[in-house]
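In case you want the letters, here they are:
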Amino acid sequence: MANDLELLIRLLPWLVANNGASLSEVAKHFEISEKHALELIGQLVVTGPSQAGGGLVDIDFEDSDSIFVSDAKALDRPVKLSEFEASTLLGGLHYLEQFPNLVDSEIVAGLIRKIQQALPNADSPINVVAAPILSSISQVVAEAISSKLSIEIKYAGVTKDDLSVRVIDPVKTYSQDDSIYLKS
Amino acid sequence: MARARTERMLNLLFVLLNSRTPLTREQIRERVPGYGESNEAFERMFERDKAALRDLAIPVETKPVDLFHDDVLGYRIDRSDWLMPEITLTTQERAYLSLAASAWQNAQLSTAAKQAVSSVDAREQNSDISVPVSLAKGRRHITEILAAIANGKTVAFEYVGLNQSEVVKRTIDPWRALLHSGHWYLVGFDQEKGEVRTFRTDRIVGDLVETKHDILESMPSDFDLSAITESWEHSEKDATIASVLVRPGRAASLRVLATSCEIGDEWDMLTIPYHHESQLVGLIASACDVTRVKAPQSLHDSVSRVVTTTLSVHNYGK
């Protein structure tokens, strides 16, 4: 199959990282049948840098519930991220960082640093300027959510031409693009 | 690809990956089974295999075998060029990684990001943080912009500017995608104008196309996007300020534009900055039964004109 080589290159490092995985877990992750997964593993164990004794990839897959790689012949780490893949990941992380109400921004910032240290050319291609929320508002909302209180809000609907006063039980906040929304 | 060829290419891969020094063609031929009997066959198959590996973005190095024989070339794959370095993550970090990938509400970007997560840490994640986040839902062009930035390619598209009614073709070196005030913008170097420009993605007409050309002007390493966004906010300070009276609870479409609102009994007073009357006249006129323009006079007059014209056209009298 045309894509088998790519699959094989992804499969071996994945087996190493998830040593002891079952055949069904392999099939599930790669979205292939268990039969196909078995064939691929079968291909791996007859290849390697040398056809002489001990020169082949070594995988114990007698027990299909527990597949162990004992020698991956240097193909034991995933392939480096492409620039595009790295940018989507860093973009997503940069976005999360803008919402300290929803995530621990410091941990996210540290995570971005770790990835950039490993991949020095990688950069987030997006900049997010989060919509400003009056801190008085976010404080009241946070307290109401944690104490399970009701709050009264004046809300300007954009589609309906009215300003309504509502009493709501806030449940949680979530973000969509650059704004934070309140679900109640 | 036939199974036999897959096997041969895998073997070639392992041979090149596990060799500390570049290997000559002869050495490769000895180590990799299936290259056939004749020299011709070998040359042909080897060239095709090398090309196929490079197509998969596998960095096959071609180097002189040693310093004394720089005319003899050898091949190898450097593990640190090709494979991910080890990155140790805490459980929390791993969870945030998954969250970042699932934030994208766009199939291509989400798939690429999830693939990236698996490459950074292939261990299957059991529990995910369930923080509902959503990025780029229903937005056009974001994938193309991000791909062009990653690939360093110039893009071409047709665009309708704020004060234009015609469509203009632009050729841009893309630098960044900016999300600000609910809108996505492409920030890049306009080759024709010779300077940095921003383009709102919902004013791009048709497709945004990545050209074959590498970008001419790279983003400077000290490029500061906040200079642009701050100038937008400053330009709000340079804007004309309208004072508009609105009946309490009405004209929400005007209220969202206001930078401040004074609540009153009969009337609320909105302060709305604007650059062109066209931004406000239509909105105020269509809510004319609940609005009064206090200042500036020019805006007041423009609104009156529109209302009067509309009324007379519909024959509703004065």
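Cut-off values and rules
- Residues numbered from 1 in each chain as written.
- Chains lettered and ligands numbered in written order.
- Predicted model: local features only at pLDDT ≥ 70, side-chain atom pairs only at ≥ 80, totals over all residues.
- Heavy atoms only, no water.
- Helix = DSSP H or I, 4+ residues; strand = E, 2+ residues; numbered from the N terminus.
- Buried < 20%, exposed > 50% of the residue type's maximum accessible area, 1.4 Å probe, protein only.
- Contact = heavy atoms within 4.5 Å.
- Areas by Shrake-Rupley, 256 points an atom, 1.4 Å probe, with all protein chains shown as cover.
- Lys, Arg positive; Asp, Glu negative; His and termini not counted.
- Charge placed at Lys NZ, Arg CZ, Asp CG, Glu CD.
- Expected span 1.5 Å × (residues − 1).
- Arc of directions from axis to C-beta.

*Asks:* I would appreciate a short explanation of the overall build of chain B in the present structure.
*Replies:* Scanning chain B from terminus to terminus reveals 11 helices and 12 strands. Considering only C-alpha atoms, chain B reaches an extent of 100 × 50 × 40 Å along its principal axes. Split into buried and exposed, the 318 residues of chain B put 44% on the buried side. Looking at chain B alone, contacts between residues at least 24 apart form 55% of all its contacts between residues at least 6 apart. Approximately 17,000 Å² of chain B is accessible, and the part contributed by carbon and sulfur atoms is 48%. Considering chain B, the positive charge centre built from 37 side chains and the negative charge centre built from 45 side chains are found 5 Å apart.

*Asks:* Is there a simple way to think about helix α11 (residues 297-313) of chain B in this case?
*Replies:* For the α-helix, the turn length of 3.6 residues means that residues three or four positions removed from each other point alike. Residue and element names in this part refer to chain B. When the terminal C-alpha atoms of α11 are compared, their 24 Å separation across 17 residues agrees well with the 24 Å that a helix rising 1.5 Å per residue should span. When we look at burial in α11, the residues that qualify are L299, S302, V303 and V307. Along the axis of α11, the buried positions cluster into a sector of 130°, meaning they face one direction only. In this structure, α11 carries R305 and T308 as exposed residues pointing more than 90 degrees from its buried face. Looking at the buried residues of α11, the elements they touch are β9 (240-246), β11 (268-274), α10 (281-286) and β12 (291-295).

*Asks:* Hey, could you run me through the side chain of B:S302 in this one?
*Replies:* The topology assignment puts B:S302 in helix α11. In contact with B:S302, other than residues within four places in its own chain, are B:E277 and B:V281.

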